[in-house]
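Structural characterization, general
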Amino acid sequence: MPKLKTHKGAAARFHVTGSGKIMRVKGPKSHLRRNKSKRCRAQFDAKLEINPSFRVSMQKLIPYGVTR
């Protein structure tokens, strides 16, 4: 069985925790950040678990559980 390649775009945007959850950060994090409220900016920094419907496709993109 050949080695599987990690999708580098997915590896930069997602990471896998020790328990196997795939985590992400919210999207428009840096665009016009000065105009956003402090509460809004803090919410962009929080990491969220991906939707369970995307889990199988994400596991194909990150087969070895890329960690940061």
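In short, a report on the structure. (Residues numbered from 1 in each chain as written. Predicted model: local features only at pLDDT ≥ 70, side-chain atom pairs only at ≥ 80, totals over all residues. Heavy atoms only, no water.)

What about the sheet that holds strand β3 (residues 47-49)?
- Judged by pairing direction, the sheet is antiparallel, and its three strands sit side by side in the order β1-β2-β3 without closing on themselves. Both edges of this open sheet fall to β1 (15-16) and β3, since each of them pairs with a single strand only.
- Two strands pair when backbone bridges link them, and β1 and strand β2 (residues 22-25) are joined in this way by two bridges, in the antiparallel orientation. Paired with V16 across the bridge in β2 is I22. (Pairing = 2+ DSSP bridges. Helix = DSSP H or I, 4+ residues; strand = E, 2+ residues; numbered from the N terminus.)

Digging into the pattern of salt bridges
- Applying the stated criterion across every chain, the model contains two salt bridges.
- Its salt-bridge partner being K29, residue D45 comes within 3.6 Å of it at the nearest N-O pair. Here D45, found in helix α2 (residues 38-45), pairs with K29, found in the loop between β2 and α2; they are 16 residues apart in sequence, far enough to count as distant.
- Exposure remark for D45: the relative accessible area of 40% places this residue in the partly exposed category.
- The class for K29 is partly exposed, based on a relative accessible area of 31%.
- Measuring nitrogen to oxygen at the nearest pair gives 3.4 Å for the salt bridge that ties R33 to D45. On the criterion of sequence distance, the pair formed by R33 in the loop between β2 and α2 and D45 in helix α2 is long-range, its members being 12 residues apart.
- By relative accessible area, which is 27% here, R33 ends up partly exposed.
- Ionic contacts of the salt-bridge type, sharing partners, join the residues K29, R33 and D45 into one network. (Salt bridge = Lys/Arg side-chain N within 4 Å of Asp/Glu carboxyl O. Buried < 20%, exposed > 50% of the residue type's maximum accessible area, 1.4 Å probe, protein only.)

Description of the pairing of β2
- The turn joining β1 and β2, which pair antiparallel and follow one another in sequence, is formed by five residues; a positive phi near 100 degrees is taken by G20.
- Pairing of β2 with β3, which is carried by three bridges, proceeds in the antiparallel orientation. Each residue of the ladder has a partner; that of R24, found in β3, is L48.

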